[in-house]
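Summary of the model geometry
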Amino acid sequence: MTIIQIISALVCAALIYVIYAYNKGIIYRNYVREAFSTMDVYLKKRWDLLPNLIELVKNYAQYEKNLFTTLTNIRTREYSSLSNNEKITTNQEVGQVLSKFNAVAENYPDLKANQTYITLMQQMDAIETDIANARKYYNGTVRELNTFLEIFPTNIIGTFFGIDKAKLYEINETERENIKV
């Protein structure tokens, strides 16, 4: 074998690896997009359910204005105009407020016995379970993409082709605390 054949073979092997790594990065990025889209459906369902829940509880808890104002302010944002990272952040805020919301409802026995409230809370519980499952899947795909983009030499290839890391969907410190009723 001549030196030219060896160099050609190495260049060819490197080119094949770059193509492989690029395609793998695109696959991971598409998994993240698909996982976010799945989670986004559930986040949007929760987003759309909030006004009904707010209105129902508002009738019972007239003096809990701060809580309702916060939820209403969050809810007035146009969901479809938010970026994926803004959707994650905003829904973390919603999660915080909902935990306080449930604590307020505990103070109103008539409300807790109301069939509409029970139905809305069952729907909210189902959506929260779906969000938790979708978040696990999303975070798994983000982990795969981010790991791919952090290890050598795929970190160079990912940077070169503009494949960016994704943000994990994490709970914040206030969501980690127990709800005080």
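Residues numbered from 1 in each chain as written. Predicted model: local features only at pLDDT ≥ 70, side-chain atom pairs only at ≥ 80, totals over all residues. Heavy atoms only, no water.

This next bit is on the overall build of the protein. From N to C terminus, the protein includes seven helices and zero strands. Reading the protein from its N terminus to its C terminus gives the helix and strand order α-α-α-α-α-α-α. Every one of the 181 residues in the protein was classed for burial, and the buried ones make up 35%. Carbon and sulfur atoms form 56% of the exposed surface of the protein, whose accessible area is close to 11,000 Å². (Helix = DSSP H or I, 4+ residues; strand = E, 2+ residues; numbered from the N terminus. Buried < 20%, exposed > 50% of the residue type's maximum accessible area, 1.4 Å probe, protein only. Areas by Shrake-Rupley, 256 points an atom, 1.4 Å probe, with all protein chains shown as cover.)

Once that is clear, we can look at the confidence of the model for the protein. For the protein, per-residue confidence averages 83 on the pLDDT scale, and residues scoring 70 or more make up 83% of the total. Taken element by element, the predicted model of the protein shows its lowest mean pLDDT in helix α7 (residues 173-176) (54) and its highest in helix α6 (residues 154-160) (92). (pLDDT = per-residue confidence, 0-100.)

A word on the side chain of Lys87. Along the polypeptide, Lys87 turns up in helix α3 (residues 84-105). For Lys87, a relative accessible area of 8% gives the class buried. At 3.1 Å, the side chain of Lys87 forms a polar contact with the side chain of Asp40. Excluding anything up to four places from it in sequence, Lys87 contacts Phe36, Asp40, Tyr79 and Leu82. (Polar contact = N/O pair within 3.5 Å; in protein donor to acceptor, adjacent residues only side chain to side chain. Contact = heavy atoms within 4.5 Å.)

If you trace the backbone, Phe160 turns up in helix α6. For the pair Phe160 and Tyr22, spaced 138 residues apart in the sequence, the C-alpha separation amounts to 9.5 Å.

A full pass over the atoms with the stated rule returns five salt bridges. Asp48 serves as the salt-bridge partner of Lys44, at 2.8 Å between the closest nitrogen and oxygen. Of this pair, Lys44 and Asp48 both sit in helix α1 (residues 3-60), separated by four residues, roughly a single helical turn. Classification of Lys44 by relative accessible area gives partly exposed; the value is 31%. Note that Arg143 is salt-bridged to Glu144, the shortest N-O span being 3.1 Å. (Salt bridge = Lys/Arg side-chain N within 4 Å of Asp/Glu carboxyl O.)

What follows concerns the environment of Lys136. Position of Lys136 relative to the elements: it lies in helix α5 (residues 115-150). Judged by its relative accessible area of 60%, Lys136 is exposed. Taking the C-alpha atoms as reference points, Lys136 and Leu168, 32 residues apart in sequence, are found 9.8 Å from one another.

With the rule as written, the count across this model stands at six aromatic pairs. Look at Trp47 and Tyr79: their rings are 5.2 Å apart centre to centre, the planes differ by 45°, and that puts the pair in the tilted class. Placement of the pair is Trp47 in helix α1 and Tyr79 in the loop between α2 (65-75) and α3, with a sequence separation of 32 residues. Side by side, Trp47 and Tyr79 carry an identical accessibility label, which is buried. On the numbers, 5.0 Å between centres and 85° between planes, the contact of Phe160 with Phe161 is edge-to-face. Put simply, the rings of Tyr22, Phe160 and Phe161 touch in pairs and so form one group of aromatic residues. (Phe/Tyr/Trp six-rings, centres within 6.5 Å; stacked < 30°, edge-to-face > 60°.)

It is worth spelling out the environment of Ile131 at this point. One can find Ile131 in helix α5. Residues Ile131 and Asp40, 91 residues apart in the sequence, show an inter-C-alpha distance of 8.5 Å. Those residues in contact with Ile131 that sit more than four places away from it in its chain are Tyr42, Leu43 and Arg46.

Moving on: the nonpolar core. The nonpolar side chains of soluble globular proteins are, as a tendency, buried together. Membership of the largest hydrophobic core comes to 39 residues, with the highest contact counts inside it found for Met39, Leu50, Leu53 and Tyr138. Only α1, α2, α3 and α5 provide two or more residues apiece to this core. Here this core gets 15 residues from one element, more than from any other, and that element is α1. (Core = buried A, V, L, I, M, F, W, Y, C linked by side-chain atoms within 4.5 Å.)

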